[in-house]
Amino acid sequence: MLTFQSRARQPRRSRFCSRFSLRHLLRCTCLLVSLSLLGAPLVAQQVQSTAQVFIPADDASIGYSGYVHMEFVPYVKEDLLSAPKIARFDRVLDIPGKGYRWDNPGTRIRFRTDATHVKALLHFNELHISASARNSNGIYLIDGATQPGWTFRTKTTTPKRAPETVEVQMPAVAPGFHDYEIVLPYGDSVDFQGVEVNAAAKMQPPPAAPSVRYIAYGDSVTHGFTASAIDKTYPYLVAQKMGWQLINLGLGGRASNVSDAHVLKTLKADVITVLMGVNDWQGGGPVERYRKNMMGFFDAIRAVQPTVPIYFITSLYVPPAWSPKAQIADLEAYRQVAREIVLARKDPNLHLIEGPDLIDHDPKLFDAVAVHPNDQGFAQMGERLAKQLKQPSLK
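Residues numbered from 1 in each chain as written. Predicted model: local features only at pLDDT ≥ 70, side-chain atom pairs only at ≥ 80, totals over all residues. Heavy atoms only, no water.

Observations regarding unusual backbone geometry
We count it as follows: Strands here mean DSSP runs of E at least two residues long; helices mean DSSP runs of H or I at least four residues long; both are numbered from the N terminus. Buried residues are those whose accessible area, probed at 1.4 Å on protein chains only, stays under 20% of the maximum for their type, while exposed residues exceed 50% and partly exposed ones sit between those limits.
The omega angle of the peptide bond from Phe225 to Thr226 is 10°, so this bond is cis rather than trans. Assignment of secondary structure puts Thr226 in the loop between helix 3 (220–223) and helix 4 (234–242). Phi is positive for Asp143, which is not a glycine, with a value near 55°. Judged by its relative accessible area of 43%, Asp143 is partly exposed. Positioned with a positive phi, Lys346 is a non-glycine residue whose angle comes to about 50°. Its place among the elements puts Lys346 in the loop between helix 8 (331–345) and strand 17 (350–353).

In structure tokens:
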């Protein structure tokens, strides 16, 4: 896994933009001489301030967090502003026919600059292929805070979308250095091209990501569906309240299986939550198979991470109007298996949390797809879940 290490050096401008900036500055110089002869210094200052440079994604002044795997890949799209390489994120786990491995729920891009002009360039690529589920709403923060309107998304809002470049223009802020964070959406695949700043801007290493790494594993509820945006999902809200770095491993449509644990166990985790079972229920999965799968799941994790705190959440309340035809047992039967697993394992670091207690039993707190909370339901869940989690002791 790639990790960001702070290095206090000036950012590397792309060769394309360096040549462009040099030509642009030469033109500005000639124009400034002409303007000064005409007695127009104020206009000359304004012309000079328009010079910009491009900081590519693989520059040391850019930091990344909240991903499973990241690599810098070539980007050669001729009709778009391009950098030598772009950052691409991969959660490794996937759902056939969906491309959810390429979704980036809560991945963060960080940089620190005194720029007066800041514009990030994102490439919403073609790797998320689900024709029914997409949410491209992301947010950005300045100095750790966001505001209404500090958002971005693709112009195309339908589930089917061609690749699209989105320019995120940050607002002007007070002079001096500021910390910027771009938070990628939960239901779309996004590459980071780089950031455009004014030519006089300086870059500094961004602050480090939170030291506690929180892995949220689960199905579509953990993935984020159907929150209106990434900052309305329960893993984001929990991480925000606890001051943790989030790695979201929720996959829409996922049912219990052991194989996921073989990816999860390779990741450095300080806290893990597991919410799994509703798809076993509505898909007609046998209750005893659920027990076997979840026992094997915890066995695999404990073989590598024997003491990391794990919070096993039983399935949430589901409004009675949602009655899947394939079910072969009540949802409560799967919750009871989860309780029995925690008791049987006698693991002091494996904790049970009752999912039905996390959201009021009110259909108004759920989406039309009633296994999914809406923004109000997620808000309750995030607040109540955070109260049951403890800060881990870091070694």
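Structural notes on the confidence of the model for the chain
Note the cut-off: pLDDT runs from 0 to 100 and stands for how confident the predictor is about each residue. Contacts are assigned to residue pairs with any non-hydrogen atoms lying within 4.5 Å of each other.
The predicted model of the chain averages 89 in pLDDT, with 85% of residues at 70 or higher. Under a pLDDT of 50 for its full length, residues 1–10 has, in the predicted model, 21 contacts with residues more than four places off or in other chains. Long-range and interchain partners of residues 14–49, a stretch whose pLDDT sits below 50, account for 20 contacts in this model, where long-range means more than four residues apart.

Remarks on helix 4
With 7 of its 9 residues buried, helix 4 lies for the most part within the structure. Those residues of helix 4 that sit buried are Tyr234, Pro235, Tyr236, Leu237, Val238, Ala239 and Met242. Of the residues flanking the end of helix 4, it is Gly243, one or two places downstream, whose phi is positive at about 75°.

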